[in-house]
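Letter by letter, the chains look like this.
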Amino acid sequence: MIEKFGIKSFNKKKMKESLPYPIYLKWKDALRNEKDLDRETADAIAHAMKDWALNNGATHFAHWFLPLSGHTAKKHEAFISRTSDGEPINRFSGKELVKGEPDASSFPSGGMRSTFEARGYTYWDLTANSFIIGNVLYIPTIFMSYKGEKLDKRGPLIDSTKILSNEGVKVVNLFEKDEFAYRMRVKVGLEQEFFLVDKEIYKKRSDLKNIGRTIVGAPSPKGQELSDHYFGQIPARVEKFYKDVDEKLYDLGIYSEAEHNEVAPNQFEMAILFENVNVAIDDNQLLMNILKETALENNLVCLFHEKPFATVNGSGKHNNYSIVTNYGLNVFDPGDDPYNNNVFLLFVAALIEATDKYQSLLRVSASSTSNDFRLGADEAPPAIVSLFLGSDLEELFRDIKENIEYKKEDKNIFRGYNLLSVPKDSSDRNRTAAVAFTGNKFEFRMLGSSKTGSDLNIALNCAMADSLSKIYEKLDPHKDDYDELRKSVLEIVKEIMDKHDRIICDGDNYSLEWRDEAKRRGLANHKTYFDALVALKDFDFTDIFLKRGIYTEKEIRASYEVNLEEVVIYHTLEAKIMMSMIEKDLIPMGLSELNDMTEVLKFKNNEMLSFKYDKINKMITKLLECERDIESLISHSNKIDDIYKKAEYVERNIATKLLATREIADEMEKLISRKNITLPSYEDIFNSLS
């Protein structure tokens, strides 16, 4: 079976086998040293890729890219063409491999592209493997406008990795004298959480079909209280689903590391092995597409919304982040003696500074409007960004801050049942922290399950580069004197801790006490995605993005507008769905219940039944009033031209009104008999996979 792993991926091994060796070396040199490919090399690679694709059943190719929407996009083009004699021929040139031309006016652009400015280009990302799904060869590409504006999330991600590498190697090479770092790679592992629901049940709920979330729904008598689903027996239907998913991932050469039940009923997780960050993002996007497609094949539906069901846990996409040199040094590995591990101390200090300094940007980059329903819901990290180091590391960094001699105690031995003594992890895990050190990497837990990891990793890479560049400036004058260099390391760590240790928290971040403490420390608490966007309205992006050319001011403004548009579109769509469900589902359910009670009350004067009748009747009236109010709010919103003011109005009025409407709808559902509930209930959904 191993020899078939990756049979649908045109990877490094297949390139070496199918290309003339000099051409292969040119590609490898271009990859390693970021050189341009000449036309001859591109044509040779295109020819080999075409032959491989045709031999594996492909009839079309597609430039595959990540527009600002965060979803994947592509256009299928046929290999087959015709000669001047009208005869069929399979064609695919180096030009077609390297460059494509999709429409650039119909994707979100924040005003950078108008309808009449349709020209856009896709450029091959030669660091990522092309692959076949069905009969289509997919070529990972970067998407740009005719004028050169960045319209995607892949290009900035690649650029951010380069600048982090450039700054990181300078710091590492001051200390690692036996090895030379010429490149650093950001390695990321993404854990994808999701829900599965029965397809027939899904089809009966317009909220799930249109927004991926139940905007009404009373709690099930049994939710996750017994914790019997977490890591429990995987339902047979889901076992079959997992098997099918694994086979598709296997063909594409994607390593699935783990799969299991998550905490909430119907909630599951799949994790993929660490890869270079741009490949990790690709693999995660492919995984999401495969999960959705394979679920349908198994009469299931896969939901990536962060909070599809109220009262039970929502879904995240934990972003495990590490940085590795070309010779394999993980800068976040403390080793046996972290106090004297200069590279470790400096890179962790850089991350502490980056997390604190750019906490609002990280909140936006890791989130979305849909993620607001999850963050702070007593199972995800709260909306306050904090960093957990673990007791040992926190003690180390605080001792450096206070100029206290650090003495490591040997507490890393654990005696297990019927086992010899085994090493204990250097720190516990804190599930309530937004950022947590987990041994040799940092886990960023805020990232929403529906969101691409590109934005978060772009921000992290650039923030780290910003901090490392300043660290190097302070170290460089002492590069020839180790004692002075070591002294500078401790001074830098102390300085960063003095300014930024407020971000470090080793406690229960779900608690009210932490919210008060975070406020005292001056940490931001952006309760909603829009609140975080407000904080970034006049933010200075010079150090993190502008001075290194990751984004221009125009591109930043455009991205900001796209985010504001997301707030408007999301809540407005939910409002329209709510009005539809009030008319088509909720009111008919309430009236049916009243009709049934009317028949009883004709013959029997029952005081409690009359009370219940009046209660449901009042709720029906309230729901109709809510529908009228929501319609009025949408109408007013449509008259606001300024996108910031529109987003503010929608967030403060429509989103709030939807929550109030839900309270009435859910309370009414509790009073209605099963016979008259036409919407599948939470109880139905949570028991649909057994």
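This one's a predicted model, so the numbers in the text were calculated from it and none came from an experiment.

**Looking at the overall build of the protein chain**
Scanning the protein chain from N- to C-terminus turns up 21 helices and 20 strands. For the protein chain, restricting intrachain contacts to residue pairs at least 6 apart in sequence, the fraction spanning at least 24 positions comes to 74%. Surface summary for the protein chain: the accessible area is close to 31400 Å², and the carbon and sulfur share equals 50%.

**Here's the deal with the pairing of strand E14 (residues 300-303)**
The alternating pattern of E14 places Leu 300 and Cys 302 on one face and Val 301 and Leu 303 on the opposite face, and all of these are buried. Examined bridge by bridge, strand E10 (residues 184-198) and E14 share four bridges and lie antiparallel to one another. The residue bridging Phe 195 from the neighbouring strand is Leu 303, located in E14.

**Observations concerning the packing of helix H8 (residues 236-251) against helix H9 (residues 277-297)**
In contact at an axis separation of 9 Å, H8 and H9 are set at 135° when each is read in the N-to-C sense. When the interaxial angle is binned, H8 and H9 end up oblique. For the element pair H8 and H9, the recorded crossing hand is right-handed. From H8, Phe 241, Asp 244, Val 245, Lys 248 and Leu 249 reach across to H9, where they touch Leu 287, Ile 290, Leu 291, Glu 293, Thr 294, Ala 295 and Glu 297. Here the residues of the contact of H8 with H9 are counted per class, giving seven nonpolar, one polar and four charged.

**Details of the nonpolar core**
Counting 131 residues, the largest nonpolar core has Tyr 321 and Phe 347 as its most contacted members. Among the elements that take part in this core, helix H18 (residues 553-601) stands out by supplying 17 residues, more than any other. Residue contacts for Phe 347: discarding those within four places in its chain leaves Gly 168, Val 171, Val 172, Met 184, Ile 323, Val 331, Phe 332, Met 464 and Leu 468. Grouped together as the second largest cluster of nonpolar side chains are 28 residues, Ile 234, Tyr 242, Ala 295 and Leu 300 included.

**Some details on the packing of aromatic side chains**
Applying the stated criterion to the full structure yields 25 aromatic pairs. With a centroid separation of 6.2 Å and 65° between ring planes, the pair formed by Phe 344 and Phe 437 is classed as edge-to-face. Of this pair, Phe 344 sits in helix H10 (residues 342-357) while Phe 437 sits in strand E19 (residues 435-437), and the two are 93 residues apart along the sequence. Within the aromatic cluster, the residues linked to one another by ring pairs are Tyr 358, Phe 539, Phe 541, Phe 545 and Tyr 551. The ring of Phe 373 has Arg 213 sitting right over it, with the charged end atom 3.8 Å from the ring centre. Over the aromatic face of Tyr 644 sits the side chain of Lys 537, whose NZ or CZ is 4.8 Å from the ring centroid.

**Here's the deal with the pattern of salt bridges**
By the definition in use, this model includes 39 salt bridges. Asp 543 is the salt-bridge partner of Lys 357, the closest N and O atoms lying 3.9 Å from each other. Remark: Asp 543 occurs in helix H17 (residues 542-546) and Lys 357 occurs in helix H10; sequence separation between them is 186 residues. Residue classification places Asp 543 among the partly exposed residues on the basis of a relative accessible area of 27%. Here Lys 670 makes a salt bridge to Glu 667, at a shortest N to O gap of 3.6 Å.

**Quick notes on the environment of Met 270**
By the secondary structure assignment, Met 270 is in strand E12 (residues 267-272). Classification of Met 270 as buried rests on a relative accessible area of 1%. Each C-alpha atom, one on Met 270 and one on Gln 192, is 5.3 Å from the other, the two residues being 78 residues apart in sequence.

**Regarding the packing of H10 against helix H14 (residues 482-500)**
For the pair H10 and H14, interaxial distance at closest approach is 10 Å and the crossing angle is 25°. One way to sum up the angle between H10 and H14 is to call them roughly parallel. The way H10 lies across H14 gives a crossing that is left-handed. Every residue of H14 that contacts H10 at Asn 342, Leu 345, Leu 346, Ala 349, Ala 350, Ile 352, Glu 353, Asp 356 and Lys 357 is listed here: Tyr 482, Arg 486, Val 489, Ile 492, Val 493, Ile 496, Met 497, Lys 499 and His 500. Across the contact of H10 with H14, the residue classes tally to 11 nonpolar, two polar and five charged.

**Considerations on H14**
Taking 1.5 Å per residue, 19 residues should reach 27 Å; H14 reaches 27 Å between its end C-alpha atoms and fits that length. If you check which residues of H14 are buried, you get Leu 485, Arg 486, Ser 488, Val 489, Ile 492, Val 493, Ile 496, Met 497 and His 500. As for H14, its buried residues are in contact with H10, helix H12 (391-401) and helix H13 (454-475). Its side-chain oxygen at 3.2 Å from the backbone nitrogen of Asp 483, Asp 481 defines the N-terminal cap of H14.

What counts as what
- Just so you know, the residues in each chain are numbered from 1, in the order the chain's sequence is written.
- Given that this is a predicted model, residues contribute local features only at a pLDDT of at least 70 and side-chain atom pairs are listed and counted only at 80 or more, while totals for whole chains, interfaces and linings are drawn from all residues.
- Note that water and hydrogens are dropped before the side-chain values are worked out from all heavy atoms of the structure.
- Only DSSP runs of H or I covering at least 4 residues are called helices, and only runs of E covering at least 2 are called strands; the numbering of each starts at the N terminus.
- Contacts: residue pairs with any heavy atoms within 4.5 Å of one another.
- The Shrake-Rupley method, run with a 1.4 Å probe, gives the accessible areas here. Residue values count only the displayed protein chains as cover.
- Relative accessibility under 20% of the residue-type maximum defines a buried residue, over 50% an exposed one, and the middle range a partly exposed one, all with a 1.4 Å probe and only protein chains included.
- DSSP bridges decide pairing: two strands pair if at least two such bridges lie between them.
- Angles shown run from 0 to 180 degrees and are taken between the N-to-C directions of axes, each axis being a line fitted to C-alpha atoms and, for helices, limited to the stretch in contact.
- Small angles under 35 degrees read as roughly parallel and large ones over 145 as roughly antiparallel, with 65 to 115 read as roughly perpendicular and the rest as oblique.
- Take the far helix as the reference: if the near one is turned anticlockwise from it by less than a right angle, the crossing is left-handed, and if turned clockwise, right-handed.
- Residues were grouped as follows: Ala, Val, Leu, Ile, Met, Phe, Trp, Tyr, Cys and Pro as nonpolar; Asp, Glu, Lys and Arg as charged; and all remaining residues, including Gly, as polar.
- Note on terminology: a nonpolar core comprises buried Ala, Val, Leu, Ile, Met, Phe, Trp, Tyr and Cys residues joined through side-chain atoms within 4.5 Å.
- Only Phe, Tyr and Trp rings are paired, with Trp represented by its six-membered ring, and only when their centres lie within 6.5 Å; those with planes under 30 degrees apart are stacked, over 60 edge-to-face, the remainder tilted.
- Sitting over a ring, as applied to charges here, requires NZ of Lys or CZ of Arg to be within 6 Å of the ring centre and within 35 degrees of the ring normal.
- We define a salt bridge as a contact between a side-chain nitrogen of Lys or Arg and a carboxyl oxygen of Asp or Glu at a distance within 4 Å.
- The length a helix should cover is 1.5 Å for every residue beyond the first.
- We call two N or O atoms a polar contact when they sit within 3.5 Å, provided that within protein one can donate a hydrogen and the other can accept it, with sequence-adjacent residues counted only if both atoms are side-chain atoms.

None of the figures reported here should be taken as evidence of function without further support.
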